[in-house]
Amino acid sequence: MTITVTGATGQLGRFVVAALKGQGADVVAAVRDTDKGKDLGVPVRLADYDRPETLVPAFEGTDRLLFVSGSEAGRRVEQHRAVVEAAVKAGVGHLVYTSITRADTSINPLAPEHRATEELIVASGLPYTFLRNNWYLENYTGNLGTALEHGVILGAARDGRVAAATREDFAAGAVAVLTGEGHAGRIYEVGGDVAFSMADVAATVTAQSGTEVAYQDLPEADYAQALIGFGLPEGFARVLAAADASIAQGSLDVVTGDLSALIGRPTTTLAEAVAAALRQRS
């Protein structure tokens, strides 16, 4: 059985490829830049979502395809349509798509493109599985240096809660679906076993680092301006701020146990993730 992984040089894709390779699976890495995939240790094929002509050759002979969603908000429906159409033409046996929490009903501004993609996949007639990923814990642990330096974590999520898990957790869930049976037609709301608030993040960082860090909640517009001040493009900053505001309304407070059931262990906790990030800094 041949398993093809798109976005294989990305942070999630690399975990998936490594895990599949460790299990002795027949893995193909489908990537935008083949030079960046040379270190993966598996066959690499060019698959650029913006170049549809590259996709059918990349997917040929694929029994199961992990379709990792594109990262360019605002362009994903067009890109994803090309992927789905190529998967059909290549005769892919089963498509597994990384979506977003409650894609069909979420008020998160990132959800509509995922919702549209899910609809494209269903209409294609391909056997499918949707992995509706919650936030990555790395979204909160990846910039601890700034939080520790300034003693503050900014956001617009109020006391909203997030059922985040690590990229490695999500990758393990994807591998379980790609290598297992009985997942066709299933929709998994995957995320952490315990949801937490931004105040919880600040308290955990404080407790483990010994440095006082507080969460400062801002109005959505002010948070967007802060992100712009940090160097983010204005459009992206406003989307991120709106996504944070949607958390305040419960968009990511979704705990189902789906991910831990797939991977056969508890998901990584906030405390464990913070501890690992602090160790990497030391």
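Refer to the structure above for everything that follows.
The following refers to the structure shown. These numbers were taken from a predicted model, which means no experiment stands behind them.

1. Here's the deal with the environment of P266
In this structure, P266 sits in the loop between α11 (258-263) and α12 (270-281). In this structure, the C-alpha to C-alpha distance between P266 and G192, residues 74 residues apart in sequence, is 8.2 Å. Ignoring any residue separated from it by four or fewer positions in sequence, one finds P266 in contact with D193 and S260.

2. A closer look at the packing of aromatic side chains
For the structure shown, the criterion picks out six aromatic pairs. Ring centres 6.4 Å apart and planes at 85° place the aromatic pair Y97 and F130 in the edge-to-face group. Here the residue Y97 occupies a position in strand β5 (residues 94-100), and F130 occupies one in strand β6 (residues 128-133), the gap between them amounting to 33 residues. The exposure class assigned to Y97 is buried, which follows from its relative accessible area of 0%. A network of ring pairs unites the aromatic residues Y49, F67, Y97, Y128 and F130 as a single cluster. Of note, R167 hangs over the ring of Y136, and the distance from its end group to the ring centre comes to 4.5 Å.

3. Looking at the packing of helix α8 (residues 198-209) against α12
One can describe the packing of α8 onto α12 by two numbers: an axis separation of 10 Å at closest approach and a directional angle of 50°. Here α8 lies oblique to α12, going by the angle between them. Judged by the twist between their axes, the crossing of α8 over α12 is right-handed. For the pair α8 and α12, contact is made by D200, V201, T204, V205, Q208 and S209 and by L270, A271, V274, A275 and L278, respectively.

4. Brief notes about the pairing of β5
The buried fraction of β5 is high, at seven of seven residues. Residues of β5 alternate between two faces, with H94, V96, T98 and I100 on one and L95, Y97 and S99 on the opposite face, all of them buried. As paired strands, strand β4 (residues 64-67) and β5 are joined by four bridges and run parallel to one another. For R64, the partnering residue across the bridge sits in β5 and is H94. Handedness of the crossover is the feature at issue here: the chain leaves β4, passes through helix α3 (residues 76-90), returns alongside β5, and the resulting connection is right-handed.

5. Structural notes on unusual backbone geometry
Look at R102: it is not a glycine, yet its phi comes out positive at around 45°. Residues other than glycine seldom take positive phi values, yet R158 does so here, at roughly 50°. Structurally, R158 can be placed in the loop between β7 (152-155) and β8 (161-162).

6. Things to note about the pattern of salt bridges
Opposite charge on two side chains allows them to pair when their charged atoms are near. Inspection of the entire model under this criterion finds 16 salt bridges. We note a salt bridge from R14 to D39, for which the minimum N-O separation is 3.2 Å. Of this pair, R14 sits in helix α1 (residues 11-22) while D39 sits in the loop between β2 (26-31) and β3 (44-46); the two residues are 25 residues apart in sequence, bridging distant segments of the chain. Assessed through its relative accessible area of 55%, D39 is described here as exposed. Taking the shortest distance from any N to any O, the salt bridge between R75 and D50 comes out at 2.8 Å. Of this pair, R75 sits in the loop between β4 and α3 while D50 is found in the loop between β3 and α2 (55-59), placing the two residues 25 residues apart along the sequence. R75 gets classed as partly exposed once you look at its relative accessible area, which sits at 35%. Residue D50 is classed as partly exposed on the basis of its relative accessible area of 35%. In this structure, a network of salt bridges that share partners links the residues R32, D48, D50, E72 and R75.

7. Details of α12
Between its terminal C-alpha atoms α12 stretches 17 Å, which fits the 16 Å expected from twelve residues at 1.5 Å a residue. Looking only at α12, the buried set comprises L270, A273, V274, A275, A277 and L278. Its buried side turned inward, α12 meets α5 (138-141), α6 (144-150), β10 (196-197) and α8.

8. Some details on the nonpolar core
Counting 29 residues, the largest nonpolar core has W135, Y140, I153 and V201 as its most contacted members. Sorting the residues of this core by element identifies α6, α8, α10 (234-248) and α12 as the ones contributing at least two each. In terms of nonpolar packing, the next biggest core, distinct from the first, is built from 28 residues, V27, A29, V31 and L40 among them.

9. Observations regarding the layout of surface pockets
Roughly 280 Å³ of internal volume is contained in the second largest pocket. Within the residue set of the lining of the second largest pocket, elements represented by two or more residues are α5, α6, α7 (167-179) and α12. Residue contributions to the lining of the second largest pocket peak at six residues, all from α12. When its residues are assigned to classes, the lining of the second largest pocket shows six nonpolar, six polar and five charged.

Each value, and the rule that gives it
- Residues numbered from 1 in each chain as written.
- Predicted model: local features only at pLDDT ≥ 70, side-chain atom pairs only at ≥ 80, totals over all residues.
- Heavy atoms only, no water.
- Helix = DSSP H or I, 4+ residues; strand = E, 2+ residues; numbered from the N terminus.
- Contact = heavy atoms within 4.5 Å.
- Phe/Tyr/Trp six-rings, centres within 6.5 Å; stacked < 30°, edge-to-face > 60°.
- Buried < 20%, exposed > 50% of the residue type's maximum accessible area, 1.4 Å probe, protein only.
- Lys NZ or Arg CZ within 6 Å of the ring centre and 35° of its normal.
- Axes fitted to C-alpha atoms, helices over the stretch in contact; angles between N-to-C directions.
- Parallel < 35°, antiparallel > 145°, perpendicular 65-115°, else oblique.
- Left-handed = near helix turned anticlockwise from the far one by under 90°.
- Pairing = 2+ DSSP bridges.
- Right-handed = clockwise from strand over helix to strand, strands pointing away.
- Salt bridge = Lys/Arg side-chain N within 4 Å of Asp/Glu carboxyl O.
- Expected span 1.5 Å × (residues − 1).
- Core = buried A, V, L, I, M, F, W, Y, C linked by side-chain atoms within 4.5 Å.
- 1 Å grid on protein atoms, 1.4 Å probe; cavity = no way out; pocket = protein on both sides within 12 Å on 5 of 7 lines; lining within 4 Å.
- Points joined across faces, edges and corners; volume = space filled by probe spheres on them.
- Nonpolar A, V, L, I, M, F, W, Y, C, P; charged D, E, K, R; others polar.

What is shown is where atoms sit, not what they do.
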